[in-house]
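Here are the chains, one letter per residue:
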Amino acid sequence: MRHQPVIDGFEFAESGRVLKGEFPVRDFPRLHDVLHECAGEIGYVVSGERDREGRPALRIELRGMLSLNCQRCLQPLDFQVALDTMLTLARSQFEGEADPVDSNIERVVASKEMAVRDLLEDELLLSVPFAPRHASCTTGGVSSTEGSSPFAKLRGLLGHDGPGGRNN
Ligand SMILES: [Zn+2]
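Keep in mind the model is a prediction, meaning the values are calculated, not measured. (Residues numbered from 1 in each chain as written. Predicted model: local features only at pLDDT ≥ 70, side-chain atom pairs only at ≥ 80, totals over all residues. Heavy atoms only, no water.)

**A closer look at the nonpolar core**
Grouped together as the largest cluster of nonpolar side chains are 32 residues, with contacts concentrated most on Val46, Leu58, Leu62, Leu66 and Leu120. Counting only elements with at least two residues in this core, the list comes to helix 1 (9-14), strand 4 (41-50), strand 5 (56-69), strand 6 (76-90) and helix 3 (116-127). When residues of this core are assigned to their parent elements, the largest contribution, six residues, is made by strand 6. Those residues in contact with Leu58, other than ones at most four positions away along the chain, are Ile7, Gly9, Phe12, Ala13, Val46, Ser47, Thr85, Met86, Leu87, Leu89, Met114 and Leu119. (Core = buried A, V, L, I, M, F, W, Y, C linked by side-chain atoms within 4.5 Å. Buried < 20%, exposed > 50% of the residue type's maximum accessible area, 1.4 Å probe, protein only. Helix = DSSP H or I, 4+ residues; strand = E, 2+ residues; numbered from the N terminus. Contact = heavy atoms within 4.5 Å.)

**Description of the coordination of the zinc ion**
Ideal geometry at a metal centre gives angles of 109.5 degrees when four donors are arranged tetrahedrally and 90 or 180 degrees when six donors are arranged octahedrally. Those donors, Cys70 (SG), Cys73 (SG), His134 (ND1) and Cys137 (SG), are the protein atoms that reach the zinc ion, and they lie 2.0 to 2.3 Å from it. The site at the zinc ion holds four donor atoms, and with the angles between them running 102 to 129°, its shape is tetrahedral. The sequence pattern formed by the donor residues of the zinc ion is C-x2-C-x60-H-x2-C. Within this pair, whereas Cys70 is found in the loop between strand 5 and strand 6, its partner His134 is found in the loop between helix 3 and helix 4 (152-157), the two being separated by 64 residues in sequence. (Donors = N, O, S within 2.8 Å, 3.2 Å for Na, K, Ca; no water. Tetrahedral: all angles 85-135°; square planar, octahedral: opposite > 155°, others 65-115°.)

**Some words on the side chain of Ser47**
Here Ser47 lies in strand 4. In this view, Ser47 contacts Phe12, Arg17, Val18, Ala57, Leu58, Arg59 and Glu61; residues no more than four positions away in its chain are not counted.

**Observations concerning the side chain of Arg107**
Following the sequence through the fold, Arg107 ends up in strand 7 (residues 106-109). Polar side-chain contacts of Arg107 include one of 3.5 Å to the backbone oxygen of Thr88. Within the local environment of Arg107, its side chain forms a polar contact with the backbone oxygen of Leu89, the two atoms lying 3.2 Å apart. (Polar contact = N/O pair within 3.5 Å; in protein donor to acceptor, adjacent residues only side chain to side chain.)

**Some remarks on the environment of Val116**
Within the secondary structure layout, Val116 lies in helix 3. Overall, Val116 belongs to the buried group, its relative accessible area being 0%. Linking Val116 and Ile60, residues 56 residues apart in sequence, is a C-alpha distance of 9.9 Å. In this structure, Val116 is in contact with Pro5, Ile7, Leu19, Tyr44 and Val46, ignoring residues within four places of it in sequence.

**So, the pattern of salt bridges**
On inspection of all chains with the given rule, the structure shows 11 salt bridges. Arg17 is the partner of Glu11 in a salt bridge, and the nearest nitrogen-oxygen pair spans 2.7 Å. When its relative accessible area of 33% is taken as the criterion, Glu11 is described as partly exposed. What makes Arg17 partly exposed here is its relative accessible area of 41%. With a shortest N-O distance of 3.5 Å, Arg117 and Glu121 are connected by a salt bridge. Taken as a pair, Arg117 and Glu121 lie in helix 3 at a separation of four residues, close to a single helical turn. Of the two residues examined, Arg117 and Glu121, each falls in the buried class. (Salt bridge = Lys/Arg side-chain N within 4 Å of Asp/Glu carboxyl O.)

Distances and angles like these do not, on their own, reveal function.
Here's what the structure looks like:
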């Protein structure tokens, strides 16, 4: 049976609801291009909260492991997902763009039927490095997070340093 929760964004946030579960990695089709294999599961927690300015928001926490392709040796590279992000809800795209927002805050247009899987998939896509490499893949000393997404700094704060290093 497919697990496809849908939430009413503002209602969820304003009543402080919490939704927890997990999705098999294979249920995130937009990630498949960057995966070495579609194995494992991603655990999630979506919490209805308020952002620092008191606006309704969804806090999204994701935990799990993705198997990426090292862009240097093309071998599997374990990537630890440890994501904790806040999405401030907007009533429309216009509101989301017009309202000056702290650069650390992401906006998402809320609806009565927000597909949780799609929200999580968006966050996973943002978190995956653009050109992942094993930290110890070559002697070049290239960081495994080079060329990664705007969330690279967030991962840094979370202490991301996956056990993907493959020794000689
Ligand atoms: Zn490698």
